[in-house]
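Chain and residue survey
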Amino acid sequence: MKQQKQEATAQDAVQDFVIGHGGETHQNAGGTHPAMTGQTGVVIADDENSLKAGERGPVLLEDWNLLEKTQHFDHERIPERVVHARGYGARGYFEVTDPLKGISRAAVLSEAGEKTPVFVRFSTVGGNMGSTDVARDVRGFAVKFYTKEGNWDLVGNNIPVFFIQDAIKFTDLVHSVKQEPDRGFPQAQSAHDTFWDWASLTPESTHMLMWIMSDRAIPRSFRMMEGFGVHTYRLLNDEGKATYVKFHWKPKLGLQSVIWDEALKISGADPDFHRRDLWESIAQGNFPEWELGVQLFDEEFAKKFDFDVLDATKLIPEEIVPVRVVGRLVLDRNVDNYFAETEQVAFCVSNVVPGIDFTNDPLLQGRIVSYVDTQLSRLGGPNYQQIPVNRPIGCPVLNMQRDGHMQMGAQKGRVSYSPSSLEADTPRTDPKRGFTSFPEKMEGDKLRIRAESFGDHYSQALQFFNSQTEPEQNHIVSAFIFELSKVETLAVRKRVVAQLKNVDPKIAERVAKGLGLEGEVPEFPTKVTVKTGLQASPKLSILANAKPTLKGRKIAVLTADGTDGALVEQLRSAAKRHGADFAVVAPKAGGFKAADGTTVPGDFQLAGGPSVLFDAVFVALSADGAAMLSKEAAAKGWVSDAYAHLKVIGATAGAQKLLDKCCVEPDAGVLVGTDVEAYLKAAAKGRVFDREPEVRTVY
Ligand code: HDE
């Protein structure tokens with residue numbers, strides 16, 4: 001009796017607090033609140049106190065609810081992915097706009113208007129699950145198409161080439177880039193000795209190194225990056241005719257990246273920067289969209305191309321084989337449960353549908369095996385395809401596979417084999433509708449060998465560099481300098497620069513200068529003569545393909561008491577009109593008291609809303625406000641970071657004192673005044689790259 005009375009008192013207090021008795025109003029979601037049960041459906045009477053022998057006595061083992069709850073909790077985690085551990089998923093659909101009729105028999109690509117549900121997971125590669133979104137890294141771009149002919153997984157990246165040519169090297173690559181095994185760090189970064197040791201001894205990684213040192217590796221948002229299937233795949237039509245294909249995802253919002261110094265700071269300010277951006281944009285109804293494009297070519301082209309199309313360290317410039325857009329991908333639904341969907345989704349390169357087939361790319365061949373294998377250990381057994389997020393939608397699963405860990409189905413009947421005759425309606429194969437492989441002619445000696453046609457590791461690395469705008473080239477050089485400055489072993493630093501000499505001595509010289517290694521770098525032997533004459537491919541540049549738009553971008557205004565409230569509202573509505581998000585940053589979480597005495601709510605308290613989180617900023621301060629914030633380190637950091645990160649800065653005349661304190665020099669991206677439209681027009685152009693030589697050394 002005594003015990004129950006005490007419970008009632010504690011519960012009453014909680015109830016009072018939540019539902020707002022006593023004059024206070026606290027948030028309460030309402031609803032009917034069905035009874036809480038254990039896993040067997042038994043209703044729980046008390047979930048606050050374990051069962052004890054006496055008021056202060058020991059806890060009893062018979063408290064099955066305590067045991068069940070704790071046991072379930074103890075097993076809540078599953079092994080994280082060995083690579084791509086940190087990811088974020090969403091649902092949506094893929095719609096065919098230009099069907100590949102006569103090229104692929106897959107309905108998902110060839111039927112006009114065909115709409116296929118999808119699950120997409122973006123990820124970083126090297127970091128563990130709890131690392132940061134904006135690490136310098138490749139981003140995974142994995143799409144599960146639930147087609148009516150079965151699931152097709154296009155497990156791609158945001159970079160069209162890869163570090164290695166043969167799957168047998170993958171373990172080494174990953175071991176070198178992950179945290180070092182003795183010390184268990186560094187986390188989520190390639191800037192350490194083991195990665196560069198491996199890379200410097202692996203010439204085939206050179207092209208990918210250029211990409212990974214470029215701004216492609218620090219995207220502004222998942223919504224603003226491309227995706228690539230990387231490998232050459234095959235499409236098969238009804239007659240079995242094959243066409244080679246490379247898959248491309250093109251973001252509707254255009255490409256955008258962050259500045260490296262910004263990435264470092266975002267990692268502290270908001271390690272969830274990319275996932276928050278995706279979640280919020282979908283929740284607001286601004287559905288991210290990509291076009292799916294294909295580069296199609298035949299065996300004849302493949303033979304004449306400068307490189308081997310089976311070599312995943314090479315790409316085919318779009319200027320040589322244009323990208324044909326076949327459909328659009330729209331992400332319109334956030335997950336209901338991160339674990340159930342994003343964590344348990346099992347992408348497998350082996351998941352293909354009739355009309356889509358593999359090639360002999362040795363990296364692709366290794367992947368066909370690896371993904372299934374990893375799901376077996378990650379998800380605990382061979383029935384992982386039965387987890388709701390992995391089940392096909394709109395087509396039955398009928399076969400003779402049975403039992404195993406966590407079998408969810410109860411298949412009926414005696415017959416679990418084929419051929420059989422004892423039961424009607426057992427599933428039978430269907431040679432017409434069924435998956436068939438391209439009957440490629442095979443002959444040759446069984447050898448451990450790397451094809452000679454895979455031998456040139458430098459020409460496309462140079463082509464990539466030459467295809468970049470000047471600021472992008474500068475960023476690549478700075479990234480090499482940053483990364484190698486973190487490498488403690490001098491010989492490794494030198495070896496990387498020696499490799500760069502093979503790409504272009506001028507690039508190597510610039511990196512050597514930044515490292516203080518001029519004249520000290522040895523030659524790295526190579527048998528290859530670099531093709532210096534490869535045409536630049538402007539499509540490989542982010543800046544050359546950026547869209548002058550504010551859609552999906554974020555604008556923030558820095559305020560303080562005394563700020564002109566009407567100006568803030570004008571900025572807010574104009575930003576919205578341009579499709580941008582708008583946030584008010586104020587010294588106090590509650591917002592600011594405007595000049596006219598009204599209180600304008602804030603979205604971020606100054607210390608929690610640094611300018612690195614936004615694409616363009618406006619400093620809307622009265623002279624008093626500017627004087628006050630000139631003594632506030634967070635405010636000075638806010639403005640000087642925005643300037644150093646090349647952002648367009650709008651400011652009221654009153655804010656000048658703060659701008660001066662932050663050494664903001666007038667330029668095309670600093671607009672003092674209250675012409676909101678002029679400010680937004682400038683902001684839509686993106687960063688002011690001409691400012692860069694003023695704010696950091698260009699080697
Ligand atoms: Fe992966 N990769 N990979 N990879 N990969 C995995 O599978 C592997 C490669 C990619 O969001 C793992 O389910 C090998 C290239 C993405 O769940 C694992 C090789 C490309 C994802 C695996 C490669 C990728 C993975 C870890 C060389 C771009 C995340 C967990 C032969 C085309 C999928 C898992 C998700 C995940 C193996 C190379 C993309 C271990 C052996 C090239 C986007 O199976």
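Everything numeric in this text was worked out from a predicted model, so none of it was measured.

Digging into helix α20 (residues 676-684)
- Burial in α20 covers these residues: Val676, Tyr679, Leu680, Ala682, Ala683 and Ala684.
- Buried residues belonging to α20 abut β11 (554-558), α16 (565-577), β16 (616-619), β17 (649-651) and β18 (670-672).

Remarks on the sheet that holds β11
- Spatial strand order, β15-β12-β11-β16-β17-β18: 6 strands in an open sheet with parallel pairing. Both outer strands of the open sheet, β15 (604-605) and β18, are each paired with one neighbouring strand and no more.
- Sheet topology places strand β12 (residues 581-586) next to β15; 2 bridges connect them, and they run parallel. Looking across to β15, one finds that Val585 is bridged to Phe604.

Some points on the environment of Leu571
- Mapped onto the elements, Leu571 comes out in helix α16.
- Classification of Leu571 by relative accessible area gives buried; the value is 1%.
- For the pair Leu571 and Glu677, spaced 106 residues apart in sequence, the C-alpha separation works out to 8.7 Å.

Topic: the coordination of the iron atom of the ligand
- Coordination of the iron atom of the ligand by the protein comes from a single atom, Tyr371 (OH), at 1.8 Å.
- In this fold, Tyr371 is placed in helix α11 (residues 362-379).

A word on the UniProt feature "domain: Catalase core" (unreviewed entry) in the chain
- Mapped onto this numbering, the UniProt entry gives "domain: Catalase core" (unreviewed entry) at residues 37-426.
- What you have in residues 37-426 is 23% helix and 19% strand, and the ends, taken at the C-alpha atoms, are 40 Å apart.

Observations concerning the pairing of β11
- Within β11, 5 of the 5 residues are buried, which leaves the element mostly enclosed by the surrounding structure.
- The side-chain alternation of β11 yields two buried faces, one formed by Lys554, Ala556 and Leu558 and the other by Ile555 and Val557.
- Relative to β12, β11 is paired through 5 bridges, and the arrangement is parallel. What sits directly across from Val557, in β12, is Val584.
- Regarding the hand of the β-α-β motif, the stretch spanning β11, α16 and β12 is right-handed.
- Sheet topology places β11 next to β16; 4 bridges connect them, and they run parallel. Across the sheet, the residue bridging to Val557 is Phe618, located in β16.

A word on helix α15 (residues 505-515)
- Within the span of α15, buried status applies to Ile507, Ala508, Val511, Ala512 and Leu515. For α15, the angular spread of buried residues about the axis comes to 130°, placing them on one side. Summarising the geometry of α15, the exposed residues directed more than 90 degrees from the buried face are Lys506 and Glu509.
- Contacts made by the buried residues of α15 are with α6 (206-212), α12 (459-466), α13 (470-485) and α14 (490-503).

Things to note about the packing of helix α4 (residues 170-177) against helix α5 (residues 193-200)
- Viewed as axis vectors pointing N to C, α4 and α5 meet at an angle of 145°, and their least axial separation amounts to 6 Å. Here Asp172, Leu173, Ser176 and Val177 of α4 lie close against α5, whose contacting residues are Thr194, Phe195 and Trp198.
- Here the residues of the contact of α4 with α5 are counted per class, giving 4 nonpolar, 2 polar and 1 charged.

Some points on unusual backbone geometry
- Backbone torsion omega between Phe185 and Pro186 reads 5°, so that peptide bond is classified as cis.
- Relative to the helices and strands, Pro186 resides in the loop between α4 and α5.
- A cis amide bond links Ser418 to the next residue, Pro419, at an omega of 0°.
- As for its placement among the helices and strands, Pro419 is situated in the loop between α11 and α12.
- Its identity is not glycine, yet Asp403 carries a phi of approximately 60°, on the positive side.
- Exposure remark for Asp403: the relative accessible area of 52% places this residue in the exposed category.

Definitions and limits used
Residues numbered from 1 in each chain as written. Predicted model: local features only at pLDDT ≥ 70, side-chain atom pairs only at ≥ 80, totals over all residues. Heavy atoms only, no water. Buried < 20%, exposed > 50% of the residue type's maximum accessible area, 1.4 Å probe, protein only. Helix = DSSP H or I, 4+ residues; strand = E, 2+ residues; numbered from the N terminus. Contact = heavy atoms within 4.5 Å. Pairing = 2+ DSSP bridges. Donors = N, O, S within 2.8 Å, 3.2 Å for Na, K, Ca; no water. UniProt positions renumbered as here; feature names shortened; annotations may be inferred. Right-handed = clockwise from strand over helix to strand, strands pointing away. Arc of directions from axis to C-beta. Axes fitted to C-alpha atoms, helices over the stretch in contact; angles between N-to-C directions. Nonpolar A, V, L, I, M, F, W, Y, C, P; charged D, E, K, R; others polar.

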